[in-house]
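# A closer look at the structure
Now for the letters of each chain:
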Amino acid sequence: RSASSWKKQLTVSACLSTLIRQDRKNPESVWLWYINILRSSQNVPLKTNALFALSKLMIFGKKDTFMDSLDVNDLMNDSFLRTIVSVMSQFHVLEAEDPDESSSAVPASNNALMSSLIKMFVGSQKESKSKWSAGVEEMMSYPEVTDEIAWLRHDGGYTSGFKFSHAFTAFVFTNVFGDSFLNNILPILEELLLGDNKTAEYKANLVTCAEIIAGVLRSVAMYENKKASAIVSASILPLVIASINEIGVVSGSCWLDAAKFSSSYGVSQLVWLNLILEQTEKQKVASTKVINYLKIVRVLIDELYQVDDIKSTLDRLSSCLRSLINYEFKAVRESAGVTLAVAIHKATRADVPIQSINKLLGVILGFEESGDKDTLYDSAFFLAGTLSTIGGYEETVAKLVPVLLQAIVYSDTEATKQFKSICTNIADSMEFGSLKMLKQIVSSGLSAPAWNVRLVSVQMMDALVKNQRAETGFIGLLICRKSLERMLYDDEVKVKQEAVVALRNLLSSLHPKSKSLSLYVTKYVELLRNMRTEKRKQKHQLPVVLGLSAAVKAFPYSVPSPQSVAALSRVKVKEAKTTIEEFKRTHHDTWDNDQQNFTPEELEDLMGSTEVYGYA
């Protein structure tokens, strides 16, 4: 063959794959073309395209005479199946060796061309996300695609290098050849999964096996093949468990992707789910195993639809989580919190009350006794964070606020930093229900003895108001404003500073000519005037100065309250001087117009404070 013959074959293969249709018969020569490529070619892109095109023929070519004359042994023999597995595995080897797509499996002279062809037929690797091959993507674009395979239009967003199109191939082969495919592929899977996991090729083989098993599981569950189901339960799923038990959290992500593929769009994997729960229930399970198990469980429970299955599974899961929230390793406790949130979401959507879940929630909220309350904080934080992200569970998240704030006091320094950040993120991600959370923050956080709790409470109020101004309503804003004004008198400087920032953000949501803003400014101007008349010390004037500063800073490019600026210019307090200087900077270019907002007396006060304000 000439040096360019494989390029010509690839061009022909690509053109042929676009001509495969569901509404007409496909010639036998097309079938043989792709089968022969898989048997004889050594070129990875060519074999990859042939494999996906053959899968397309199998799912579309039910009217083809070749299907009737097809000898199962021709495609189900060990040699041909190993070729299929090799094509998939070689792709992952190339991906691992060449994450930047700068090399390929061909000689250096063809590197650039091969790299382009790989991207053309199997998708870009750089995003670490599943992409469809050209053949599968083109196939799914046809309007003739039936509802039966409409789920194939969805790309699950895989993260481990898992290829949708590889799993799709296994799905098709299982659908067409049934238990014959499973019996013949099983020894190959065992050889790859139970081999030496320290070799360079093991990761590629692991992801390949996850793709194949995902396709098998989906096909068996969708078409209820009893013989194939028996093989899955007896041999394939135990093989999956054995693999999970031997790998870490990062490598285990391929089985999470397998769960996404096999159980999406209403396909239940109850047998796999029960087997995972059985492993989780065992005593002294390693932390990496538990984390991998819980990740898979969170995916699989989402596709349960029978009420009895939901009840029994969530009851069983609650029992597992009850012990895991006190697990010695923090990562497991965090994963348990996320899993509990997903279980609550599932029970709520299915409208199935699960008493065991409510009881477990009571343990975390402190309503029921627990062995070690300190270990509950990690689960509580991730439970609240997940529920706030899902949305619709604001009442539950609000109940968790006292627990979250208490955790800040009793945690070590590093954990406290993390918890502070999570608290703010929870408040920021809340879509509704801010009023309930505001009331919880006011009652549990603002009066706490620990200043860092008060600080986080102010930050949470700020996040809630910024995120939900309209939904918070007048009552919520009023509660928030009065609470923040109270924090201006706090003994801790950091709390005062944060309260000013939050108060500024709240006031900026008011209309410049609103009565609320006018009353607020008038109150603080009068307070400051009375304090100066009574010759109060500067430290007593500080909270009032901070309140006025918030009003001035809330409108950096306008002057809705000139009396507040004038009042601050009369005070010899550092914070007042800083505010006036900032006012000068933001209004310098528009001062000719802005000065018209001041009365002659107010303007005289500003001009008289040239050392502070600087206008001459």
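Residues numbered from 1 in each chain as written. Predicted model: local features only at pLDDT ≥ 70, side-chain atom pairs only at ≥ 80, totals over all residues. Heavy atoms only, no water.

### Points about the pattern of salt bridges
- Throughout the structure, instances matching the rule amount to 12 salt bridges.
- For Lys260, the salt bridge identified is with Asp257, shortest N-O distance 3.8 Å. One end of the pair is Lys260 and the other is Asp257, both in helix 13 (residues 253–263) and three residues apart, which spans about a single turn.
- Notably, a salt bridge pairs Lys330 with Glu334, separated by 3.9 Å at the nearest N-O pair. Of this pair, Lys330 and Glu334 both sit in helix 17 (residues 330–349), separated by four residues, roughly a single helical turn.
- A residue is classified by how much of its surface remains accessible, and Lys330, at 30% relative accessible area, is partly exposed.
- For Glu334, a relative accessible area of 16% translates into the label buried.
- By sharing partners, the salt bridges in this structure join Asp78, Arg82 and Glu191 into a single network. (Salt bridge = Lys/Arg side-chain N within 4 Å of Asp/Glu carboxyl O. Helix = DSSP H or I, 4+ residues; strand = E, 2+ residues; numbered from the N terminus. Buried < 20%, exposed > 50% of the residue type's maximum accessible area, 1.4 Å probe, protein only.)

### Some details on the confidence of the model for the protein
- For the protein, the mean per-residue pLDDT works out to 80, and 83% of the residues sit at or above 70.
- Residue range residues 99–145 is modelled with pLDDT below 50. Its contacts to residues more than four positions away, or to other chains, number 103 contacts.
- Low confidence marks residues 610–616, where pLDDT is under 50. Its contacts with residues over four positions away, or in another chain, come to 16 contacts. (pLDDT = per-residue confidence, 0-100. Contact = heavy atoms within 4.5 Å.)

### Here's the deal with the packing of helix 15 (residues 287–300) against helix 17
- The geometry of helix 15 relative to helix 17 is characterised by a closest axis approach of 10 Å and an angle of 15° between their N-to-C directions. Of the possible angle classes, the one that applies to helix 15 and helix 17 is roughly parallel. Taken as a pair, helix 15 and helix 17 cross one another with a handedness that is left-handed. Counting all contacts with helix 15, which are made through Ser287, Val290, Ile291, Leu294 and Arg298, the residues of helix 17 involved are Ala331, Val332, Ser335, Ala336, Val338, Thr339 and Val342.
- Split by residue class, the contact of helix 15 with helix 17 holds eight nonpolar, three polar and one charged. (Axes fitted to C-alpha atoms, helices over the stretch in contact; angles between N-to-C directions. Parallel < 35°, antiparallel > 145°, perpendicular 65-115°, else oblique. Left-handed = near helix turned anticlockwise from the far one by under 90°. Nonpolar A, V, L, I, M, F, W, Y, C, P; charged D, E, K, R; others polar.)

### Examining the packing of aromatic side chains
- Counted by the stated rule, this structure contains nine aromatic pairs.
- Taken together, the ring pairs in this structure connect Phe162, Phe164 and Phe261 into an aromatic cluster.
- Note that Lys346 overlies the ring of Tyr305, its terminal NZ or CZ placed 4.9 Å from the centroid. (Phe/Tyr/Trp six-rings, centres within 6.5 Å; stacked < 30°, edge-to-face > 60°. Lys NZ or Arg CZ within 6 Å of the ring centre and 35° of its normal.)

### Some thoughts on the nonpolar core
- Core analysis: the largest hydrophobic core is formed by 193 residues, its most contacted members being Trp255, Trp272 and Leu507.
- Broken down by element, the residue count for this core peaks at 11 residues, all from helix 11 (residues 202–223).
- Those residues in contact with Trp272, other than ones at most four positions away along the chain, are Leu217, Leu237, Val240, Trp255, Ala258, Ala259, Ser262, Ile296 and Leu300. (Core = buried A, V, L, I, M, F, W, Y, C linked by side-chain atoms within 4.5 Å.)

### Re the side chain of Thr169
- Summarising the element assignment, Thr169 is placed in helix 9 (residues 164–177).
- When its relative accessible area of 1% is taken as the criterion, Thr169 is described as buried.
- Filtering out sequence-adjacent residues up to four positions away, Thr169 remains in contact with Leu51, Phe52, Ser55 and Met88.

### What to know about the packing of helix 14 (residues 270–280) against helix 16 (residues 307–324)
- For the pair helix 14 and helix 16, the least separation of the axes is 10 Å and the interaxial angle reads 25°. The angle between helix 14 and helix 16 places the two elements in the roughly parallel class. Every pair of crossing elements has a handedness; the one defined by helix 14 and helix 16 is left-handed. Residue-level contacts link Leu270, Leu273, Asn274, Leu277, Glu278 and Thr280 of helix 14 to Asp309, Thr313, Arg316, Leu317, Cys320 and Leu324 of helix 16.
- Residue composition of the contact of helix 14 with helix 16, by class: six nonpolar, three polar and three charged.

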